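Coordinate inspection notes
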Amino acid sequence: MTGAPSLKRYHAGWHRAARQVAQRMVLRPVVRFVTRTTVEGQDNLEGLSRPFVVVANHTSHLDTAILVTGLPRRVTEHLAVGAAADYFYSRWWTKAATSLFFNTYPIHRTSGGKRGRKGLSQRLVAEDVPVLIFPEGTRSRDGRMRHFKPGAAALCVAKNVPCVPVALLGTHEAMPVGRSWPVPGRPRVRMLIGRPMRPRPGEKPRDFNDRVAARVRTMLEMQTPYVLADAPVAGTFDGEAPNPADGAAPGRVTGPDNKQEEAS
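A brief look at the structure comes next. In this convention, every chain numbers its residues from 1, walking through the sequence in written order. Side-chain atom pairs in this predicted model are given and counted only at pLDDT of 80 or more, local residue features only at pLDDT of at least 70, and totals for whole chains, interfaces and linings cover all residues. Just so you know, side-chain values use all the structure's heavy atoms and leave hydrogens and water out.

Turning our eyes to something else, we now look at the nonpolar core. Ranked by internal contacts, the top residues of the largest apolar core, which has 31 residues, are Val-53, Tyr-105, Leu-124 and Val-131. Those elements that provide at least two residues to this core are strand S2 (53–56), helix H6 (120–126), strand S5 (131–133), helix H7 (151–159), strand S6 (163–169) and helix H9 (205–222). Secondary structure elements follow DSSP: runs of H or I of four or more residues count as helices, runs of E of two or more count as strands, with numbering from the N terminus. The biggest single contributor to this core is H9, with six residues. Residues grouped as a nonpolar core are buried Ala, Val, Leu, Ile, Met, Phe, Trp, Tyr and Cys residues, joined through side-chain atoms within 4.5 Å. Under the scheme applied here, a residue whose accessible area is under 20% of the maximum for its type counts as buried, over 50% as exposed, and between as partly exposed, the area being computed with a 1.4 Å probe on protein chains only.

Written out as structure tokens, the structure is:
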């Protein structure tokens, strides 16, 4: 009889240490060598605590590498990445590599997924493990953001956890679908980290999904992580305009210590 898979690996100190070495000492130098990546909006993450759900638009296999090497270590330290089971879990070596570098867990994109592996996102979040999900479900072929499926939003609503919206610019041009390595010339990539959002009391998953998708789309169009959000909700991040006294204002590009960070 096949039961639900164990989640011990996602809490294991040895795996966390090995992953940090793989991400920070191996993967990050490679990303810096092949791209000019800028991270903006890290100050939006002040006060964020586990668990949470990170979402981003998806146009390239480069996206996950940019996210796990560009997000602050306190965000990625426990972060598990949802990966298409039919693509990354079909061969033992891809499963092992993605597990080491990205702390992946399988997401079944069809109804034929293995019993017991459904609901892994909810189980991880319930055990204080933050997750990264690409709501489009697959990479955009033309670089334009597609419709967000409501799974990530439903997870936030069900577990009442914040959603961190991230907009990725330039990854499609750097490494479009069909390429196994970025284009020459260190193309520019920008990662825009938006202010965390929470579901409103009684909000339906589809409505929250629409708000999250709109936030990511707005960041992409305005090319800034500081956008006018919805009306503030007491006790949440969502809708709070950046406080100029904290050194963050709409349109201002900042990173750690309110400075722009370029991974080069």
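On to the pattern of salt bridges. Throughout this description, the term salt bridge denotes a Lys or Arg side-chain nitrogen within 4 Å of a carboxyl oxygen of Asp or Glu. What the rule picks out here adds up to five salt bridges. In this structure, Glu-77 engages Arg-16 in a salt bridge whose closest nitrogen and oxygen atoms are separated by 3.9 Å. Here the residue Glu-77 occupies a position in the loop between helix H3 (73–76) and strand S3 (80–84), and Arg-16 occupies one in helix H1 (residues 13–34), the gap between them amounting to 61 residues. The shortest N-O distance in the salt bridge between Glu-40 and Arg-190 comes to 2.8 Å. Note that Glu-40 is positioned in strand S1 (residues 36–40) and Arg-190 in strand S7 (residues 188–193), a separation of 150 residues in sequence.

Okay, the side chain of Thr-224 next. With respect to the secondary-structure elements, Thr-224 resides in the loop between H9 and strand S8 (261–263). Residue Thr-224 is classed as buried on the basis of its relative accessible area of 5%. Polar contacts, as used here, are pairs of N or O atoms within 3.5 Å; protein pairs need one atom able to donate a hydrogen and one able to accept it. Residues neighboring in sequence count only if both atoms are side-chain atoms. Polar side-chain contacts of Thr-224 include one of 3.1 Å to the backbone nitrogen of Tyr-226.

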